[in-house]
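# Coordinate inspection notes
Okay, here's what each chain looks like letter by letter:
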Amino acid sequence: MSRFDKKIDRWATGATKWAMTKDPSSPMYTPVPKEDVIPMWVADMDFETAPSVIEALKERIEHPILGYSVLNERYVAAIASWQEKRYGTEGVKAEHILYQNSVLGGVCSAISVYTQPGDWILTSQATYVGFQGSIKNLGRNIAFSPLTKDENGVYRMDFEDMEKQIVEKNIPMMIFCSPHNPTGRVWEKWEIEKVVELCDKYNVFLYSDEIWADFMTDPASKHIPTQSVNDTAKRICIASYAPSKTFNLAGLIGSYTICYNPVINARIKRQGESTHYNNANVLSLAACTGAYEGGAEYVDELMPYLRKNQEYMVNFFNTRKGISCYLPQGTYLLWVDVAECGMDMDTVMKKLAEIGVIVNDGRPFQGPTHLRINVACPYDSVVEACRRMETVFPAK
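Overview of the structure. Sequence order as written defines residue numbering, which begins from 1 separately in each chain. Only residues with pLDDT of 70 or above have their local features reported here, since the model is predicted, and side-chain atom pairs are shown and tallied only from 80 upward, although totals for entire chains, interfaces and linings are computed over all residues. Just so you know, side-chain values use all the structure's heavy atoms and leave hydrogens and water out.

### Digging into the nonpolar core
The tendency in soluble globular proteins is for nonpolar side chains to be buried as a group. What makes a nonpolar core is a set of buried Ala, Val, Leu, Ile, Met, Phe, Trp, Tyr and Cys residues whose side-chain atoms join them at distances within 4.5 Å. Only protein chains enter the area calculation, which uses a 1.4 Å probe; residues under 20% of their type maximum are buried, those over 50% are exposed, and those in between are partly exposed. The biggest cluster of nonpolar side chains holds 64 residues, and the ones touching the most others in it are Phe 47, Phe 247, Tyr 292, Tyr 298, Leu 302 and Tyr 332. Only DSSP runs of H or I covering at least 4 residues are called helices, and only runs of E covering at least 2 are called strands; the numbering of each starts at the N terminus. With seven residues, the single largest contributor to this core is helix H3 (residues 73–87). A contact between two residues is defined here by any heavy atoms of the two lying within 4.5 Å. Non-local contacts of Phe 247, meaning those with residues more than four positions away in its chain, are made with Met 45, Thr 49, Ala 50, Val 53, Trp 82, Ala 291, Tyr 292, Gly 295, Tyr 298 and Val 299. Core analysis: the next-biggest nonpolar cluster, separate from the first, contains 30 residues, Ile 38, Met 349, Ile 355 and Cys 386 among them.

### Side note on the layout of surface pockets
Volume-wise, the largest pocket comes out at about 730 Å³. Any residue outside Ala, Val, Leu, Ile, Met, Phe, Trp, Tyr, Cys, Pro, Asp, Glu, Lys and Arg is labelled polar, Gly included; the first ten of those are nonpolar and the last four are charged. For the lining of the largest pocket, the class distribution of residues is 20 nonpolar, nine polar and six charged. In this analysis a 1.4 Å probe is tested at points of a 1 Å grid over the protein atoms alone, and where it fits but cannot get out there is a cavity; an open set with protein on both sides within 12 Å along at least five of seven lines is a pocket; lining residues have an atom within 4 Å of a point. Grid points are joined across faces, edges and corners, and a volume is the space filled by probe spheres set on the points.

### What to know about the pattern of salt bridges
One speaks of a salt bridge when a side-chain nitrogen belonging to Lys or Arg is within 4 Å of a carboxyl oxygen belonging to Asp or Glu. With the rule as written, the count across this model stands at 23 salt bridges. For Glu 273, the salt bridge identified is with Lys 269, shortest N-O distance 2.7 Å. With Glu 273 and Lys 269 both in helix H9 (residues 262–274), this residue pair falls four residues apart, about one helical turn. Taking the relative accessible area as the measure of exposure, Glu 273 reaches 45% and is therefore partly exposed. Across the pair Asp 361 and Arg 363 runs a salt bridge whose closest N-O atoms are separated by 2.7 Å. Judged by relative accessible area, Arg 363 falls into the partly exposed class, the value being 33%. What emerges from the salt-bridge pattern is a single network uniting Asp 150, Arg 156, Arg 185, Glu 188 and Glu 191.

### A short note on the side chain of Thr 123
Turning to its location among the elements, Thr 123 is positioned in strand S3 (residues 120–125). The class of Thr 123 is buried, set by a relative accessible area of 4%. Polar contact criterion, stated in full: a pair of N or O atoms within 3.5 Å, where within protein one must be able to donate a hydrogen and the other to accept it, and residues adjacent in sequence count only if both atoms are side-chain atoms. A polar atom in the side chain of Thr 123 sits 3.3 Å from the side chain of Thr 127. At 3.2 Å, the side chain of Thr 123 forms a polar contact with the backbone oxygen of Ile 175. Residues contacting Thr 123, with those up to four places away along its chain left out, are Phe 131, Ile 142, Ala 143, Phe 144, Ser 145 and Ile 175.

Everything listed is a geometric property; what it means functionally is a separate question.
This is the structure:
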């Protein structure tokens, strides 16, 4: 039995993923009894974290003072080691790392530094809702560039459209998601190089969100850090990482950026400090250290488990009428097109809520006929969700 087969009761912990399904004012509400809910929406996992994380937290809590903290040498060394062993990134040093209380906090700092209200910011369509909210809340506009499937059904960026929009809208910044949420694309080196080339050509600041870097559920795929492709990328880009997705630590907040350009780092650091939001969380530092020092085995066990879940649900959807679903290369998400299923999106979402299978409506992610489904849960829950969905989506 895998450690990930264990079902853990999260109701008493106030877990967003579960609690919102029983809040009648929430769009995630379901009328089924709480013991029958299968929440497959917000991107956290229903798995316990790695033992090394718990041990590190216990060790830190044994010290009775939890005061203001700086990035200590052990934390920096853990990040540098993880970057080298998992992604092949050598030479990460303390001066390249900035603590961020969240990835979106770092995004907002970058937006504030490198754009002005009313500017356009380029990102892909579909795209993560958090990027959209951050851009809009800061008074900027979103330039969506479509991802389109090639002859093999693989999502690709439209570089001609990206260049056209950069020129026409005088775009100063791009948010690049690698691996991509919600499609699960793991970008190839030539694709990343093209993004860097376009941004450099038009003096566009490049923010690369790489929070999903550890989720190579396709064993043939490999995460390529954006800044690793060439020296230009190191000069114009900052990248976000976090242990929060990988080790299920979202409730501790805590992420970090890596950047090799000291001018960019100084400006982002100053912006983060100006709002007083970005002091390091002492327990987040400990959890990250424990995750990266001792969590490799956990991640190596997790990837094939998630792949099994993805394969089961993709196989299910591909037996249903009017539904298009593919195996992603990365993340623990599925991006499911229900355009031809014979129901509009409101009906689909209503029927899924009635059976207690709670997924993300793809429309806020700019997927007008899509569902975003999180399969980071015990395999038995995936099987049960598919069994229930047989009543919603007829077989071919």
